[in-house]
Amino acid sequence: MYIHAVRDAQLTSSRRFGYHRLIPALAVLAVSALAQAPGGAGTHPAEHQHLDSRFAHNRYYYDHGYAVHTPPDGGLANLHGPGGQRYYFHGGNWYQWRGSWDQAWHWQRWWHGAWVVSGPPVGVSLPLLPPYYTTVWWGGTPYYYANDSYYVWDAGRNEYQVVAPPSGLDAAGTTPAPVVPGASDQLFAYPTKGQSPELQTNDRTECSQWAMAESGYDPTATDAAAQPRDKRGAYFRAQAACLESRGYSVK
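Analysis parameters
Residues numbered from 1 in each chain as written. Predicted model: local features only at pLDDT ≥ 70, side-chain atom pairs only at ≥ 80, totals over all residues. Heavy atoms only, no water. Helix = DSSP H or I, 4+ residues; strand = E, 2+ residues; numbered from the N terminus. Phe/Tyr/Trp six-rings, centres within 6.5 Å; stacked < 30°, edge-to-face > 60°. Buried < 20%, exposed > 50% of the residue type's maximum accessible area, 1.4 Å probe, protein only. Lys NZ or Arg CZ within 6 Å of the ring centre and 35° of its normal. Disulfide = S-S within 2.5 Å. Pairing = 2+ DSSP bridges.

Quick word on unusual backbone geometry
One non-glycine residue, asparagine 58, lies in positive phi territory at about 55 degrees. Its identity is not glycine, yet aspartate 148 carries a phi of approximately 60 degrees, on the positive side. Positionally, aspartate 148 belongs in the loop between strand S11 (141-146) and strand S12 (149-154).

Spelled out as structure tokens, the structure:
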């Protein structure tokens, strides 16, 4: 098994869903102590943020459990988990609505609640990816990673779906990239020309096929580990050269 990780900072834009503020004025007063909406991922730390360095992603996101009175505008609303939980998505951060009714007096009820930063529900579909993500190749499948979450393209729905990572992928994210291509079964290539996920997939596939023809090494073969190391090294060097010629920075 080998892993390819392609970092992307593409800012995707697609249809946006409206977000309705249905909380009454009294509820605003009840949660006024909560923070105002934070923004999206960043390259510098801010309050209540942590660095996500898995797969060299290197972006800051808000800590789970951080509650806000109102989520930031311009995100995706009307997202629901398997149990009917309400979610809001913005900048790679997921917000889950948590609230309940309290009986204040016999004639009036008060609504208490907040949007709490959390992980995404597995299975939910989105029309777009986070604005910053890392493309991780695992078993020939591209996984789009950001903020401890994994997404795959669902061609049937024409959307991206949140998935649980396959066995071994999470642990692989802590392995540093090799200094010399071909020194291991890992190759990290970062797009420098804003290549789309679809173009990255095409480039990766074509460069892999070309490298296999040039080196005589097939990384997908069942006996890949037993093949000569010089052929394996030649494969990665050829693949790196191909990707560099197409506008990728390879490590």
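A closer look at the packing of aromatic side chains
The tally for this structure, following the rule as stated, stands at 14 aromatic pairs. With a centroid separation of 6.2 Å and an interplanar angle of 80 degrees, the aromatic rings of tyrosine 87 and tryptophan 94 are classed as edge-to-face. On the basis of relative accessible area, tyrosine 87 is assigned to the buried category, the value being 8%. Here the aromatic cluster, defined as three or more aromatic residues joined through ring pairs, consists of Tyr88, Tyr95, Trp97 and Trp115. The aromatic ring of tyrosine 132 is capped on one face by arginine 59, whose charged end is 3.8 Å from the ring centroid.

A short note on the state of the cysteines
One pass over the full model with this rule turns up 1 disulfide. Across a sulfur-sulfur distance of 2.1 Å, cysteine 207 and cysteine 242 are joined as a disulfide pair. Disulfide cysteine 207 to cysteine 242: torsion about the S-S bond roughly -70 degrees, handedness left-handed. Residue cysteine 207 is located in helix H3 (residues 197-215), and its partner cysteine 242 is located in helix H4 (residues 229-245); the two are separated by 35 residues in the primary sequence. Given a relative accessible area of 0%, cysteine 207 falls into the buried group.

Looking at the pairing of strand S2 (residues 49-52)
In terms of strand pairing, S2 meets strand S3 (residues 59-62) through 4 bridges, oriented antiparallel. Looking across to S3, one finds that glutamine 49 is bridged to tyrosine 62. Adjacent in sequence and paired antiparallel, S2 and S3 are bridged by 6 residues, among which phenylalanine 55 carries a positive phi angle near 55 degrees.

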